[in-house]
Structure formats: C-alpha cells, structure tokens
Amino acid sequence: MIKVIDSYYTPEIIAYYFYTNEYGINQVYGSINKLYELDFIFIHPTYKFNKNSFKIKILNYLDYLDDKEDYLRSLEDVEKYYDELNIELEDVPQLSSLDYFFITVRLDKILSNKNFKRIKLRTLLKEYGYKRRSDNVILYIYACMLFYHIEGYYNNEEIDLYNLNIDNMITFKITDY
C-alpha cells in the first residue's frame, strides 16, 4: 500500500530549505510572502490563514538549525518553565523523505526561478535511503510528482521510471507555472 502524500509546506521544511540555500533574513521574509502569494495551496492548513505564526516558527527553526547546541540549551530552560506550567512543547520534526526532493523542485522554481532540477534515478534513490527501484518506491515517486504538479523527462520525453535506465539523468519540472 502506498502512503498518501500530504507533505505541505511546514515551517520546518521551509526553514530547512532557507538554511540549506543560505537565505538572508530579507530573502526569508520576501520568500514567505511570495509563497503565500504564489503557492498558497501547498502551505500547511494550520498556517494558511496565520502567516505571522508561520513566519515565527520558521525563524525559530532557523535559529535551531544555525546553532543547535545553543538553541537546545535555551530550550532546556523553556522546557523547565513549560513543565512548571504543565504545557507540552512540540518536538522538532526530522526531515528525511523523498517528498523533500520534490518540494525543493517547486520551491526552486517559485523562489529562485530555477526551471528544472536534474538528477540520476540511482542518485535520487540513494540520497533518500533506497537501495533499489521497487514498485512501491516508483509508485511513491509518481504520487509525489502528481501531488506537487511535477513532470519528469529524459531526452525531452516524459519518463517511464519502470523502464528507464537507473543511470540516466532525469529532468524534473513543475507543470503549473
């Protein structure tokens, strides 16, 4: 059974994207506004109508990514305070999924105007922890492509991941821009 794709833009995913692409604070603010303007449908439902909360969580997570040790030390103090008030603190989620690759294809186009992303199928599978091309993995890749409105091409023809040579370079492009 294939997992249903539900990877909307969360503050953690967006912050991780900003962090890995070395966005400055002005770029962060401008990009958040751009996401709300151009890619609103992919923003997590919790934050669709609360841009301020989305921004604050992104900035907090960027602080965490920038200096984890210092952030965790300050978090210990916050946790003690929350324990005294009997409030639960959210855990920082771990990012490691194939969905993230396809999210970056969208974000690259919307925020950086990069029209495509190229990668070998073998590399894509390896980077996300898969050792071989199984039917479930291929179906999941197709589900991600459908969810994020992305098409894949090899030699300017749509790809068939079941029959494509695993060492061929695939070009991924979003279809709704």
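Being a predicted model, the structure only gives us computed values, none of them experimental. (Residues numbered from 1 in each chain as written. Predicted model: local features only at pLDDT ≥ 70, side-chain atom pairs only at ≥ 80, totals over all residues. Heavy atoms only, no water.)

Chemist: Looking at this model, I keep getting lost on the sheet that holds strand β2 (residues 150-154). Mind explaining?
Modeler: The strands making up a sheet associate through hydrogen bonds between their backbones, and the pairing can be parallel or antiparallel. The sheet built from 4 strands is open, its strands ordered β1-β4-β2-β3 with antiparallel pairing. Two strands close off the open sheet at either side, each with one partner strand: β1 (117-120) and β3 (157-158). Bridge analysis of β1 against strand β4 (residues 169-174) gives 4 bridges, and the strand direction is antiparallel. Among the inter-strand pairings, R118 is bridged to a residue of β4, identified as T171. Of the strands in this sheet, β1, β2 and β4 are in contact with helix α5 (residues 98-112), which crosses β4 at around 55 degrees. (Pairing = 2+ DSSP bridges. Helix = DSSP H or I, 4+ residues; strand = E, 2+ residues; numbered from the N terminus. Contact = heavy atoms within 4.5 Å. Axes fitted to C-alpha atoms, helices over the stretch in contact; angles between N-to-C directions.)

Chemist: Just to check I follow, could you spell out the pattern of salt bridges for this structure?
Modeler: Side chains that carry opposite charge are capable of pairing whenever their charged atoms lie near each other. By the definition in use, this model includes 4 salt bridges. The partner of R106 in a salt bridge is D39, and the shortest N-O contact between them spans 2.6 Å. Taken together, the positions of R106 in helix α5 and D39 in the loop between α2 (25-38) and α3 (51-66) put the pair 67 residues apart, joining distant regions of the chain. For the pair R106 and D39, one class covers both residues: buried. The partner of R122 in a salt bridge is D167, and the shortest N-O contact between them spans 2.7 Å. Of the two residues, R122 is situated in helix α6 (residues 121-127) and D167 in the loop between β3 and β4; the sequence distance between them amounts to 45 residues. The exposure class of R122 is partly exposed, given its relative accessible area of 41%. Ionic contacts of the salt-bridge type, sharing partners, join the residues D39, R106 and D176 into one network. (Salt bridge = Lys/Arg side-chain N within 4 Å of Asp/Glu carboxyl O. Buried < 20%, exposed > 50% of the residue type's maximum accessible area, 1.4 Å probe, protein only.)

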